[in-house]
Amino acid sequence: LDPHPIPEFLFPSNKKKISPGLSSFGSNPGAAGAYLRPLVEFAKEHVPRHLWAVTPFFVAGTAGLRLLRDEEITAILRSCEDFLRSESPFLVRPQNLRVIAGTEEGIFGRVS
């Protein structure tokens, strides 16, 4: 018997990803926020309504976004935050909209 077994994790089977990624908005960052609409609608279908206001919404920019200039990244994430605050019933925190490191991307990719 392994004294330190790896725990089993159960992850939701319902997930949605849209393409192309947010990095495609480098030349038009103001349009990035509205691009999240299908993800907000998907979340509304899968999160009970009474939990919407306390359920955080995360935006994790990955490799493509890391390639953009800082000002482009900032503008894209600001557009996303503005859209979510005005059009989403979910909890929006600035720290939940960010570019993640490659190691985080690898971990999230593995578990999702």
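What comes next concerns the included structure. (Residues numbered from 1 in each chain as written. Predicted model: local features only at pLDDT ≥ 70, side-chain atom pairs only at ≥ 80, totals over all residues. Heavy atoms only, no water.)

Let us look at the overall build of the chain. When you go through the chain residue by residue, the secondary structure sums to four helices and two strands. Each helix and strand of the chain, placed in order from N terminus to C terminus, yields the pattern α-β-α-α-β-α. Taken across its 112 residues, the chain has 31% of its residues classed as buried. Long-range contacts, defined as pairs at least 24 residues apart, comprise 68% of the intrachain contacts of the chain with a sequence gap of at least 6. Carbon and sulfur atoms make up 57% of the accessible area of the chain, which amounts to about 7800 Å² in all. (Helix = DSSP H or I, 4+ residues; strand = E, 2+ residues; numbered from the N terminus. Buried < 20%, exposed > 50% of the residue type's maximum accessible area, 1.4 Å probe, protein only. Contact = heavy atoms within 4.5 Å. Areas by Shrake-Rupley, 256 points an atom, 1.4 Å probe, with all protein chains shown as cover.)

Take the packing of aromatic side chains next. Think of a pair of aromatic rings as described by two things: how far the centres are apart, and how the planes are tilted against each other in angle. Scanning the model with the defined rule gives three aromatic pairs in all. Relative to Phe-90, the ring of Trp-52 has its centre 5.9 Å away and its plane inclined at 55 degrees; by these criteria the two rings are tilted. Of this pair, Trp-52 sits in the loop between α1 (37–46) and β1 (59–61) while Phe-90 sits in the loop between α3 (70–87) and β2 (97–99), and the two are 38 residues apart along the sequence. When its relative accessible area of 6% is taken as the criterion, Phe-90 is described as buried. (Phe/Tyr/Trp six-rings, centres within 6.5 Å; stacked < 30°, edge-to-face > 60°.)

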